[in-house]
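Chains, contacts and geometry: an overview
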Amino acid sequence: MLLLVALGAVSSQQIFVNYEAKADDVGNWIYLIAFIAFLTYLAVTYTNIYKLVPTLLLKKRYLKYAIFFSLSVLMIVLVQIVMEYVAFSLLGTGHRREHYLNLPVIIDSFSTFMLTLICISGSSITVLLRYWMMESERVNELEKIHIQSEVEQLKDQINPTFLFNILSSTSALVKVKPEKASDMLYRLSQLLRYQLYDCSRDKVLLSSEIKFLNNYLALQKLYSDNFSFSVSANVENMNQIFVSPLLFIPFIQNIVNKTEKDEVSFIQIHFETNKNILIFTCSSSLKELNEEGISRIKHRLDLLYKDNYTLSARENKIELKLNL
């Protein structure tokens, strides 16, 4: 509706200005002339929107678009000149044909052509803007899907070797130490249940994540007699804080995989909050961290939290600060 009003205003203004000197001679016929001019503007504008822009401009056929668009605008100018000539001829006050070949008239017609070209090109901008918004939305959706797929792949990186070792150890303990084997299977079932169900959500409770870490480390302790750990938390409203699932387990796996080689066996984990910041600290007896593992963790944090985190890893201590 706004486009129709704008086209009507522009076309009518041009007609009333062109016929102003002989308005008394034209009389009410000027409204018919203005309506014909409006129809001409309408035809060229909608041809541009629904034909030229989709088939030429959006397909990057710029030269053809410029040519056909210029020709269509030129048609408007020619229609106005023909209507003026016919109207004044019928009234007996028309100009001779030579009048339209004078330099001032040619310059005025060219000026009208350029102004009309700029006016109608505005309709192309609306189509391009809509196309750009749709493409931007599509790209954002693809990026979102890509990020989600990467995060899902990273979430699935629970060490399969660890699960195999637990099952193998359990099968060996069933006859010798059935209670220990039962405890290992129970904690393993808790791990798998959490991974299968809770981790399907975008966010999980911090308390659930801490419970998962406890079960994981308890399993590691049952599997390795030389391993010890402690998990502590000084967090207010723990059941109201949400984090991404399996956010902290890569830090522990990074250390556990290293301790299996170096035969070092303690991990201390601590959670605390300072205003709107969650601080996760992981200390161990390692003297050197796995840089490759830390880089993978940073990659996941970049996908999930972008600039809303700080990570420091030095010697035997890792500290992660999240802006909640």
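Here the structure is shown first, and the text comes after it.
Residues numbered from 1 in each chain as written. Predicted model: local features only at pLDDT ≥ 70, side-chain atom pairs only at ≥ 80, totals over all residues. Heavy atoms only, no water.

**Quick notes on the overall build of the chain**
As a reminder, the rule being used: Numbering of helices and strands starts at the N terminus; helices are DSSP runs of H or I of at least 4 residues and strands are runs of E of at least 2. Categorising residues by exposure relies on relative accessible area from a 1.4 Å probe, with only protein chains included: less than 20% of the type maximum marks a residue as buried, more than 50% marks it as exposed, and the intermediate range marks it as partly exposed. Working definition of accessibility: Shrake-Rupley area with a 1.4 Å probe, residue cover restricted to the visible protein chains.
When its secondary structure is counted, the chain shows 10 helices and seven strands. In the chain, which comprises 324 residues, the share counted as buried stands at 36%. Taken as a whole, the chain presents about 19800 Å² of accessible surface, with 58% of it coming from carbon and sulfur.

**Here we look at the packing of aromatic side chains**
Short version of the rule: Here a pair means two rings of Phe, Tyr or Trp (six-membered ring of Trp) with centres within 6.5 Å. Their orientation is stacked below 30 degrees between planes, edge-to-face above 60, and tilted elsewhere.
Summed over all chains, the structure comprises seven aromatic pairs. With a centroid separation of 5.8 Å and 10° between ring planes, the pair formed by Y46 and Y50 is classed as stacked. Taken together, the residues Y46 and Y50, both in helix α3 (residues 29–57) and four residues apart, mark about one turn of the helix. You can call Y50 exposed: its relative accessible area is 58%. For the ring pair Y65 and F69, a centre distance of 5.5 Å and an interplane angle of 5° mean the geometry is stacked. Highlighted residues: Y65 and F69, both in helix α4 (residues 62–90), separated by four residues, approximately one helical turn. Like F69, Y65 is buried. Connected via pairs of aromatic rings, a cluster forms that spans F248, F251, F271 and F280.

**With respect to unusual backbone geometry**
One non-glycine residue, N237, lies in the positive phi region at around 55°. Turning to its location among the elements, N237 is positioned in the loop between β2 (228–234) and β3 (242–243). Positive phi is not limited to glycine here, since L246 has a value of about 55°. Turning to its location among the elements, L246 is positioned in the loop between β3 and α9 (249–262).

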